[in-house]
Amino acid sequence: MSFEEAKQILQMEDNGSSLYDHLASVLLKVITEKPSDAVTSFENLSVGCKEEKVSLPPAPEDPSAAAGPVLDWATSTAALFVKPDEAPEGVPAPDLMKDATMYKWAGVSFGDTETYMLNLSLKKFCESLDAGYEAVKFWGKIITRDGDYYICYGKTPEDPEEMDATKMEGKDGANKYTYFVTKSPSAPWVALPNVTMAQIVTAGKIRRLLTGDLEAAVPSFPPFPGVEKNLLRAMIAQITASTAIAPSGTFEADEDGANIIPAANEDGAPEPKTCEELLEAGNWQHYELRINTLGRCTALPEPEDAEDYEPPEGDGPAGLLESCGDEGEGYTTSWSFRPCPGGQGMTSTSYAKGVSLDWPGAFAVGGGTDFVNIYVGNGLKYAETTYTPPLPSAIVGEWSVPEEEADAEVEAGTFPIEAKDVTADPTPPAEEGEEDE
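Just so you know, the residues in each chain are numbered from 1, in the order the chain's sequence is written. Two thresholds apply to this predicted model, a pLDDT of at least 70 for residue-level local features and 80 or more for giving and counting side-chain atom pairs, whereas whole-chain, interface and lining totals are computed over all residues. Excluded from the side-chain calculations are hydrogens and water; all other atoms, namely the structure's heavy atoms, are used.

1. So, a nonpolar patch on the surface
Under the convention used in this document: Here the term patch refers to residues with relative accessible area over 30% and no salt bridge, with like charges joined within 9 Å and nonpolar side chains (Val, Leu, Ile, Met, Phe, Trp, Tyr) within 5 Å. Note on areas: Shrake-Rupley, 1.4 Å probe, and residue coverage restricted to the protein chains presented here. A pairing counts as a salt bridge when a side-chain nitrogen of Lys or Arg comes within 4 Å of a carboxyl oxygen of Asp or Glu. Going along the chain from the N terminus, every DSSP run of H or I of four or more residues is numbered as a helix, and every run of E of two or more is numbered as a strand. Three exposure classes are used, based on accessible area relative to the maximum for each residue type with a 1.4 Å probe and protein chains only: buried under 20%, partly exposed in between, and exposed over 50%.
Together, L10, L19, Y20, L23, L27 and F42 give the surface a local cluster of nonpolar side chains, amounting to about 480 Å² of exposed area. Examining the composition of the nonpolar patch, we find that four residues originate from one element, helix 2 (residues 19–33), more than from any other. Inspection of the secondary structure puts Y20 in helix 2. For Y20, a relative accessible area of 32% puts it in the partly exposed group.

2. Details of the nonpolar core
Note the cut-off: As used in this record, nonpolar core signifies buried Ala, Val, Leu, Ile, Met, Phe, Trp, Tyr and Cys residues forming a set joined through side-chain atoms within 4.5 Å. Only heavy atoms matter for contacts: two residues are in contact if any of them lie within 4.5 Å across the pair.
Judged by nonpolar contacts, the single largest core of 33 residues is most densely connected at W139, I142, I151, Y179, L231, L232 and I236. Listed by contribution, the elements that provide at least two residues to this core are strand 3 (136–143), strand 4 (148–155), strand 5 (177–182), helix 7 (197–203) and helix 8 (228–243). With eight residues, helix 8 is the single largest residue contributor to this core. When neighbours within four sequence positions are excluded, I151 is seen to be in contact with F138, W139, G140, I142, Y179, F180, V181, W189, L232 and I236. Core analysis: the second largest hydrophobic core is formed by 25 residues, M102, F110, L122 and Y150 among them.

3. Structural notes on the pattern of salt bridges
In this structure the tally under the stated criterion is six salt bridges. Between K104 and D112 there is a salt bridge, with its nearest N and O atoms 3.5 Å apart. Taking relative accessible area as the criterion, K104 reaches 47% and is therefore assigned partly exposed. Overall, D112 belongs to the exposed group, its relative accessible area being 56%. Of the charged contacts, one joins K176 and E288 as a salt bridge, the two residues approaching to 3.4 Å between their closest N and O atoms. One end of the pair, K176, is in the loop between strand 4 and strand 5; the other, E288, is in the loop between strand 10 (284–286) and strand 11 (335–340), with 112 residues separating them in the sequence.

4. Brief notes about the sheet that holds strand 4
The condition is simple: A pair of strands is treated as paired once DSSP finds two or more bridges between them. Interaxial angles span 0 to 180 degrees and are taken between N-to-C directions of axes, which are lines fitted to C-alpha atoms, for helices over the stretch in contact.
Pairing within the open sheet is mixed, and its eight strands lie in the order 6-5-4-3-14-13-12-11. Since the sheet does not close on itself, it has two edges, and those belong to strand 6 (190–191) and strand 11, each with one partner. Its contacts with the sheet put helix 5 (residues 96–105) on strand 3, strand 11, strand 12 (351–356), strand 13 (362–367) and strand 14 (370–377), and the angle it makes with strand 14 is roughly 75 degrees.

5. Thoughts on the packing of aromatic side chains
Condition: Two aromatic rings, drawn from Phe, Tyr or Trp (for Trp, its six-membered ring), form a pair once their centres lie within 6.5 Å of each other, and the interplanar angle then sorts them: stacked below 30 degrees, edge-to-face above 60, tilted otherwise.
In the structure shown here, the tally under the stated rule is 15 aromatic pairs. Among the aromatic residues, ring-to-ring pairing joins F125, Y133, F180 and W189 into one connected group.

6. Thoughts on the environment of E228
Which entries qualify depends on this criterion: In the analysis that follows, any N or O atom pair within 3.5 Å is treated as a polar contact, provided that within protein one partner can donate a hydrogen and the other can accept it, and provided that, for residues neighboring in sequence, both atoms belong to side chains.
Residue position: E228 is located in helix 8. The exposure class of E228 is buried, given its relative accessible area of 1%. Between the C-alpha atoms of E228 and L214, which are 14 residues apart in sequence, the distance is 5.0 Å. Once residues within four sequence positions are removed from consideration, E228 is found in contact with Y149, L210, T211, G212, D213, L214, A216 and V218. Looking at E228, its side chain comes within polar contact range of the side chain of Y149, at 2.9 Å.

7. Topic: the packing of helix 5 against helix 6 (residues 112–127)
When two helices pack together, their arrangement is captured by the angle between the axes and the distance separating the axes. Quick reminder of the rule: Oblique is the label for every angle not falling under 35 degrees (roughly parallel), over 145 degrees (roughly antiparallel), or within 65 to 115 degrees (roughly perpendicular). By convention the crossing between two helices is left-handed if the near helix lies anticlockwise of the far one by an angle smaller than a right angle, and right-handed if it lies clockwise. Charged residues are taken to be Asp, Glu, Lys and Arg, nonpolar residues to be Ala, Val, Leu, Ile, Met, Phe, Trp, Tyr, Cys and Pro, and polar residues to be all remaining types, Gly included.
Put simply, helix 5 and helix 6 touch, their axes get as near as 9 Å, and they point 140 degrees apart. Of the possible angle classes, the one that applies to helix 5 and helix 6 is oblique. Both helix 5 and helix 6 take part in a crossing whose hand is right-handed. Touching L96, M97, A100 and K104 of helix 5 are D112, T115, Y116, L118, N119 and L122, all from helix 6. Split into classes, the residues belonging to the contact of helix 5 with helix 6 amount to six nonpolar, two polar and two charged.

8. Some words on the layout of surface pockets
Selection criterion: A cavity, in this analysis, means grid points on a 1 Å lattice covering only the protein atoms where a 1.4 Å probe fits yet has no way out; a pocket is instead an open set bounded by protein on both sides within 12 Å along at least five of seven lines, and a residue lines either one if it has an atom within 4 Å of a point. Grid points are joined across faces, edges and corners, and a volume is the space filled by probe spheres set on the points.
Taken as a whole, the largest pocket encloses approximately 1,100 Å³ of empty space. Lining of the largest pocket is provided by 42 residues; of these, K137, Y153, F251, Y287 and F371 occupy positions nearest its centre. Elements supplying a minimum of two residues to the lining of the largest pocket: helix 5, strand 3, strand 4, strand 5, helix 8, strand 9 (260–262), strand 13 and strand 14. Top element by residues in the lining of the largest pocket is strand 14. It accounts for six residues.

Purely geometric numbers; function is a separate question.
See the structure below:
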């Protein structure tokens with residue numbers, strides 16, 4: 001066999017490569033790296049050359065089938081990078097890139113690429129909003145069985161039209177904010193509906209993982225009054241009321257003592273707090289109103305035509321700016337605080353991280369005059385035991401007259417007595433004419 005014939009055998013291709021090319025790559029690697037034990041490590045060098053080689057997947061039979069979804073995604077994503085010719089009006093957008101640095105101290109990161117895409121998506125979305133929303137903030141992410149919900153929110157500009165105050169609160173209560181969701185930075189943001197008292201109360205009695213479809217039904221007991229977008233909104237209301245905390249002194253009550261406003265000193269900024277101070281739960285406070293057992297943040301309005309009105313049990317407004325170190329009666333929210341970085345790496349500029357023990361996935365990070373809140377979880381509250389649906393209500397007993405009243409009515413002859421059932425012969429006698437036939 002000649003040299004050329006042997007070379008042709010070595011150059012026979014198998015899955016796009018030949019033994020000749022592989023041996024050439026291995027020998028080149030030996031000459032380049034100059035290992036001291038080339039004979040011993042020859043097999044390892046051969047494996048390394050195989051791993052370094054990129055093998056492309058086979059092309060699809062129909063290129064348009066694969067290019068369609070990819071092209072749609074690329075087109076929608078490219079729109080985020082287009083800079084407008086004129087300064088847009090809209091509302092201020094959050095600086096997600098800055099907040100993401102503090103999120104990382106809490107152990108939360110969407111990845112640099114996804115975070116940047118979300119930042120562009122929020123800016124583009126804020127350009128289209130009405131100025132009545134004032135400002136938009138990033139809330140977090142709720143994990144579902146099919147994709148995740150990214151959530152942002154802005155202050156509700158007006159109360160809902162034709163609102164029944166006995167069933168739903170307006171912008172002074174649980175519907176203080178309007179929430180928007182999207183499943184991808186390149187997808188549009190969708191506004192969630194306002195939440196009702198019944199939805200909040202029922203959501204607290206059930207445990208259900210979301211499907212990822214806003215219009216999906218919510219089979220549960222007790223029956224939930226709405227679809228998945230209503231359940232998602234009720235989850236957000238519960239989580240926000242329990243986990244929206246800030247360093248004490250950041251907010252204060254207004255002159256009427258009914259609303260919470262940002263606090264400021266002579267310099268126009270809140271008093272800074274050190275990491276050591278923020279490690280104490282008493283130096284954090286809730287800056288959103290809590291939700292009572294009726295599913296409200298404020299008291300029920302009194303009926304206009306009712307005399308001697310007594311509010312139902314559990315009604316009443318929650319206290320403003322409650323401290324995390326002194327939870328009120330009926331509330332079980334608890335927090336764990338630690339420095340970031342901690343241990344030997346702790347400095348005067350370290351942040352303090354708060355972890356909610358009642359709502360896994362809720363975090364707060366603060367230091368100096370800065371703080372952020374974020375939630376990343378499945379929307380379920382921590383439970384010590386396995387969830388068991390509540391039992392149906394007891395069957396209502398039959399009506400009966402109390403014995404004392406029954407005796408008095410019998411004597412007076414007014415005691416109600418059940419009338420005899422009206423009976424009719426199912427086979428009435430036939431008429432004479434019919435018998436002759």
